[in-house]
Amino acid sequence: MGKRKTAWLVTGILALAPLAYGMGATALIRLTNYKVMKRIPAKRGIALTFDDGPHPVYTLRLLDLLQQYDIKATFFVVGEKVRMYPKIIERMYNEGHQIGIHHDRHTSSWLLTPSQLEKEIRETHRAISNVIGESPTVYRPPWGFMNAFTLYYSKPYQIVFWTHVFQDWKVERCEDGLLDGLRNVPANGSIILLHDDGTNPGADDLAPVHMLDKLEIYLEEAVKKETEFVVVPPYNHIK
Ligand SMILES: [Zn+2]
């Protein structure tokens, strides 16, 4: 190969490397299903999962709602917010909910170096275990974005994705389509992803108010129909 061609090849590989690190790794991990749960393995019931909290108003209202219907859920929490609102995490735990890692700040793994990713996971783990005295067992990377080191640093945890997401971070989407979307989720191991905080870029601050209004209507109907709600099993319970 001529020098010119080799130079182009090297340039090409270097240009593609960042894509392989982030998008490529995410696609590959999702494709192989390795360590990634996309549906409850027992293929029974519906798992409710809530990302991006805890929030001092919305999460408390959500906990009241879940308590009213005696439903247990999974919360993928942000480490820095756990340190701000430890009492909410304590309440979640005492009421039987599962608490998992989202990231310490709401960061994309595509933009994190390996050591930054390790820190995001470790600090969130620490924030949670400092409050509840137990290690979290489940992990959901923000936006579902992973990188080439995700599997390595998330070894102790089950990575959890979802079967249904409704753009509930937008007020408009909550008002148009969320309730019907929830009503149509089959109880065959579906994992619903909702958000109890609206402060991420691109989200509406007030979106959780609208999400909670629709969730309340949905839960009242679902409980009447005896829909079964399940919690995501932790890593060591699967296999
Ligand atoms: Zn998130």
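Given the structure is predicted, the values throughout are model-derived calculations rather than measurements.

J.: What is the right way to read the overall build of the chain from this model?
T.: Secondary structure assignment for the chain yields eight helices and nine strands. The globule rule puts the C-alpha radius of gyration for 239 residues at 18 Å, and the 19 Å found for the chain is close to it. Each of the three principal axes of the chain carries a C-alpha extent, and together these read 70 × 40 × 40 Å. A burial count over the chain gives 38% of its 239 residues as buried. In the chain, of all internal contacts separated by at least 6 residues, the share reaching a separation of at least 24 is 78%.

J.: For this particular structure, what's the right way to read helix α2 (residues 58-68)?
T.: Two residues of an α-helix separated by three or four positions point the same way, owing to the 3.6 residues in each turn. Tyr-58, Thr-59, Leu-62, Leu-63 and Leu-66 are the residues of α2 that are buried. The buried residues of α2 occupy one face: seen down the axis, they fall within an arc of 135°. Among the exposed residues of α2, those oriented more than 90 degrees off its buried face are Asp-64 and Gln-68. Positive phi appears at Asp-70, one or two residues downstream of α2, with a value of about 55°.

J.: Before we go on, may I ask you to explain the environment of Lys-72 in this structure?
T.: Tracing the sequence through the fold places Lys-72 in the loop between α2 and β3 (74-78). The contacts of Lys-72, once residues within four sequence positions are left out, are Gly-96, His-97, Phe-229 and Val-231.

J.: How should the nonpolar core be read in this particular structure?
T.: Soluble globular proteins tend to pack their nonpolar side chains together in the buried interior. Core analysis: the biggest nonpolar cluster contains 54 residues, and Ala-47, Val-77 and Ile-89 have the highest contact counts within it. Those residues in contact with Ala-47 that lie beyond four places of it in its chain are Ile-40, Thr-74, Ile-191, Ile-192, Val-230, Val-231 and Val-232.

J.: Where do I start with the packing of helix α7 (residues 171-183) against helix α8 (residues 207-224) in this structure?
T.: Two packed helices can be described by the angle between their axes and the distance between those axes. Relative to each other, α7 and α8 sit at 20°, their axes nearing to 9 Å. When the axes of α7 and α8 are compared, the pair comes out roughly parallel. Considering only the axes of α7 and α8, their crossing is right-handed. On α8, the residues that touch Val-171, Cys-174, Glu-175, Leu-178, Leu-179, Leu-182 and Arg-183 of α7 are Ala-207, His-210, Met-211, Lys-214, Ile-217 and Tyr-218. Residues that form the contact of α7 with α8 fall into these classes: nine nonpolar, one polar and three charged.

J.: How should I be thinking about the pairing of strand β4 (residues 98-103) in this particular structure?
T.: In summary, the side chains of a regular strand alternate between the two faces of the sheet. Taken across its six residues, β4 has six buried, putting it largely inside the fold. One ladder, built from five bridges, connects β3 with β4; its direction is parallel. Looking at the pairing, Phe-75 lines up with Ile-99 of β4.

Thresholds applied
- Residues numbered from 1 in each chain as written.
- Predicted model: local features only at pLDDT ≥ 70, side-chain atom pairs only at ≥ 80, totals over all residues.
- Helix = DSSP H or I, 4+ residues; strand = E, 2+ residues; numbered from the N terminus.
- Rg over C-alpha atoms; globule rule 2.2 N^0.38 Å.
- Buried ≥ 20, exposed ≤ 12 C-beta atoms within 10 Å, placed from the backbone.
- Contact = placed C-beta atoms within 7 Å.
- Arc of directions from axis to C-beta.
- Core = buried A, V, L, I, M, F, W, Y, C linked by C-beta atoms within 7 Å.
- Axes fitted to C-alpha atoms, helices over the stretch in contact; angles between N-to-C directions.
- Parallel < 35°, antiparallel > 145°, perpendicular 65-115°, else oblique.
- Left-handed = near helix turned anticlockwise from the far one by under 90°.
- Nonpolar A, V, L, I, M, F, W, Y, C, P; charged D, E, K, R; others polar.
- Pairing = 2+ DSSP bridges.

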